[in-house]
Amino acid sequence: MTQKGLSGFFEKFIDEKTLFLNKKALQSTYMPEAILHREEQINQIAKILAPALKNEKPSNVFMYGKTGTGKTLTIKYVSQQLTEVAMKRKIPLKIIYLNCKLKKIADTEYRLVAQLIKEFGSEVPATGLPTDEVYNIFLRLIDAAPLNVILVLDEIDQLVYKAGDEIIYNLTRINSELKNTQITFVGISNSLVFTENMDPRVKSSLSQEEIIFPPYNAVQLQDILKKRAELAFKEGSIDSGVIQKCAAFAAREHGDARRALDLLRVAGELAERESAKNLAISHLDEAEEKIEKERIIEIIKTQPKQSQATLYSMLLLMKKADDQIYTGDVYDLYKDLCTKTDLRPLTQRRISDIIAELDMLGIITTHVVSKGRYGRTKEMTLGIPFYIQPKVKDILTQELGLKQ
Ligand SMILES: Nc1ncnc2c1ncn2[C@@H]1O[C@H](COP(=O)(O)OP(=O)(O)OP(=O)(O)O)[C@@H](O)[C@H]1O
Ligand SMILES: [Mg+2]
């Protein structure tokens, strides 16, 4: 584009018709008016938390479900409704929502309690006080007058991961020190494993009630997508079959509504970029490739060096899409690579563990095969689509400091 042409391009861009009516309706922060296919969970939570409106203490709840199954959306919706009624009836109820993934909030026990103090309009220094004292300040603040507090700890597994599970123990014990106020905990997680490793007493106190969010099936995803697409796109701008295929894509691994909505948004953006009149299936396919590529690259970039070296060895061994490779061969190449990159070579056993981790991430697929009297070995295929492999190789070459 010449420099003169650029202003023309921008002018044209402004005048171009857009497919979107309201793109925000596809963003993950958008609060839809209707939450489809979650009536059961909404009712369960409502019943558990309702006693707070009668100054009784509700049971603690633990909500579990895979990513994109509507946990955050549902708790925000129920909280909103509950707060409205409490305000109307002048009932002393305060719901605090914290996302434990956010660094500033829940890196340490100190930070979490400091954040809670902030929620009550007060403040403590960012560091420096003993944690006990911060707890005491918090207790005095909330116990000043009778109050029902519901504390929602979203992505609570992150909190436990960063600050240890003692923090949950300390939090759930707060009630025994309060005279006027009571706190109810709502923990939300997409990892079930994390409660399995917990101290049984902590676990049972956190999950007096449990609510499961199953993945959506393809038909449910279609309903969700249709509703959002009506708001997001102009009428008649989506080809038939697009919503169905989008739902099918998202339901393939597990029914993740976020993934489905992202897919539709990216497909819409791609269609718009090429000034298409309609969002077609081809845009959806393109969007799926783009998102998958970004997902895989993100995973690979954040792997530890040992894992990157293992994967690089596997890539070198794979010449064709359906080539099978074996652990022993991967290990030989990996050792070579270690000498070239100053990595400390791990044992073959550890490399097997790393391979299992890569399998869990969906980067490779492994299956054990019997080799008759030679015993059993692992056969592996790469889960990285062929068109992304050169890019992955480039990234690994760079990350491992190898010569191009
Ligand atoms: N039943 C539904 N109806 C409409 N939109 C939904 C529904 N379920 C999920 N969504 C949308 O899908 C996206 C993901 O939902 P949400 O953030 O609640 O998932 P989550 O279970 O909290 O996932 P994670 O474990 O990753 O935090 C949001 O944009 C949300 O608006
Ligand atoms: Mg969530």
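Everything that follows concerns the structure shown earlier in this document.
So, here's what we can say about the structure. In this text the structure is predicted, and so the values were computed from the model without any measurement.

### Some details on the overall build of the chain
The helix and strand tally for the chain stands at 18 helices and eight strands. Reported as C-alpha extents along the three principal axes, the dimensions of the chain are approximately 70 × 60 × 50 Å. Considering the chain as a whole, with its 404 residues, one finds that 44% of them fall into the buried category. Expressed as a percentage of contacts within the chain between residues at least 6 apart in sequence, the contacts between residues at least 24 apart total 72%. Roughly 22300 Å² of accessible area belongs to the chain as shown, and the carbon and sulfur atoms make up 51% of that amount. With 57 positive and 54 negative side-chain charges, the chain shows a separation of 1 Å between the mean positions of the two kinds.

### Topic: the site of ligand 1
Lining the immediate environment of ligand 1, one finds 21 residues, of which Leu36, Thr67, Lys71, Thr72 and Tyr216 sit closest. At 3.1 Å from an oxygen atom of ligand 1 is found a main-chain nitrogen or oxygen belonging to Gly70. The contact in question runs from an oxygen atom of ligand 1 to an N or O atom on the side chain of Thr72, over 2.8 Å. When isolated, ligand 1 has an accessible area of 630 Å², and the protein chains bury 95% of it.

### Focus on the pattern of salt bridges
For the coordinates displayed, the defined rule picks out 16 salt bridges. A salt bridge links Arg259 to Glu288; its shortest N-O distance comes to 3.8 Å. In this pair, Arg259 sits in helix α13 (residues 257–273) while Glu288 sits in helix α14 (residues 281–301), placing the two residues 29 residues apart along the sequence. Each member of the pair, Arg259 together with Glu288, is buried. In this structure, Arg265 and Glu269 form a salt bridge, with 3.5 Å as the shortest nitrogen-oxygen distance. Of this pair, Arg265 and Glu269 both sit in helix α13, four residues apart, which is roughly one turn of that helix. One network of salt bridges, in which partners are shared, links Arg252, Arg259, Glu288, Glu292 and Arg295.

### Thoughts on the layout of surface pockets
Volume-wise, the largest pocket comes out at about 1100 Å³. In this structure, the largest pocket is lined by 23 residues; those nearest its centre are Thr67, Glu253, His254, Arg295 and Ile299. Elements supplying a minimum of two residues to the lining of the largest pocket: α13, α14 and α17 (348–360). Among the residues forming the lining of the largest pocket, the class breakdown is six nonpolar, six polar and eleven charged. What lines the second largest pocket is a set of 37 residues, and nearest its centre among them are Ser28, Gly70, Thr72, Leu73 and Arg258. Breaking the lining of the second largest pocket down by element, the ones donating at least two residues are α3 (71–88), β2 (93–99), β4 (181–189), α11 (218–232) and α13. The element that contributes the greatest number of residues to the lining of the second largest pocket is α11, accounting for five residues.

### Observations regarding the packing of aromatic side chains
Scanning the entire structure with this criterion turns up three aromatic pairs. Measuring from ring centre to ring centre gives 4.8 Å for Phe20 and Phe233, while their planes differ by 25°; the resulting arrangement is stacked. On the criterion of sequence distance, the pair formed by Phe20 in the loop between α1 (3–15) and α2 (39–49) and Phe233 in the loop between α11 and α12 (242–251) is long-range, its members being 213 residues apart. In terms of burial, Phe20 and Phe233 fall into one category: buried. Relative to Tyr334, the ring of Tyr331 has its centre 5.8 Å away and its plane inclined at 25°; by these criteria the two rings are stacked. Linking Tyr331 with Tyr334, this pair stays in helix α16 (residues 327–341), spanning three residues, or about one helical turn. Directly above the ring of Tyr97 sits Lys76, whose terminal nitrogen or CZ lies 4.5 Å from the centroid.

Cut-offs applied
Within each chain, residue numbers correspond to sequence positions counted from 1 in written order. Key to labels: chains lettered from A, ligands numbered from 1, both in the order written. Only residues with pLDDT of at least 70 are given local features in this predicted model, and only at 80 or more are side-chain atom pairs given and counted; all residues enter the totals for whole chains, interfaces and linings. Excluded from the side-chain calculations are hydrogens and water; all other atoms, namely the structure's heavy atoms, are used. Helix numbering and strand numbering both begin at the N terminus, where a helix is a DSSP run of H or I of at least 4 residues and a strand a DSSP run of E of at least 2. Each residue gets one of three labels from its accessible area relative to the maximum for its type: buried under 20%, exposed over 50%, partly exposed in between, using a 1.4 Å probe on protein chains only. In this description, contact between two residues means that some pair of their heavy atoms is separated by no more than 4.5 Å. Every accessible area reported is derived by Shrake-Rupley at a probe size of 1.4 Å, with residue values counting cover from the shown protein chains alone. Positive residues here are Lys and Arg, negative ones are Asp and Glu, while His and the chain termini are left out of the count. The atom standing in for a charge is NZ when the residue is Lys, CZ when it is Arg, CG when it is Asp and CD when it is Glu. If a single non-hydrogen atom of a residue is within 4 Å of a molecule or strand, that residue counts as near it. Here a polar contact is taken to be a pair of N or O atoms separated by no more than 3.5 Å, where protein atoms must pair a possible hydrogen donor with a possible acceptor and residues adjacent in sequence count only if both atoms sit in side chains. One side-chain nitrogen of Lys or Arg within 4 Å of one carboxyl oxygen of Asp or Glu is enough to make a salt bridge. As defined here, a cavity is a set of points on a 1 Å grid over the protein atoms alone where a 1.4 Å probe fits but cannot get out. A pocket is an open set with protein on both sides within 12 Å along at least five of seven lines, and residues line them when an atom is within 4 Å of a point. Grid points are joined across faces, edges and corners, and a volume is the space filled by probe spheres set on the points. We call Asp, Glu, Lys and Arg charged. Ala, Val, Leu, Ile, Met, Phe, Trp, Tyr, Cys and Pro are nonpolar, and the rest, Gly among them, are polar. In this scheme Phe, Tyr and Trp rings, the latter by its six-membered ring, pair at centre separations within 6.5 Å, and the angle between planes marks the pair as stacked below 30 degrees, edge-to-face above 60, and tilted otherwise. Criterion for a charge above a ring: Arg CZ or Lys NZ at most 6 Å from the ring centre, at most 35 degrees from the ring normal.

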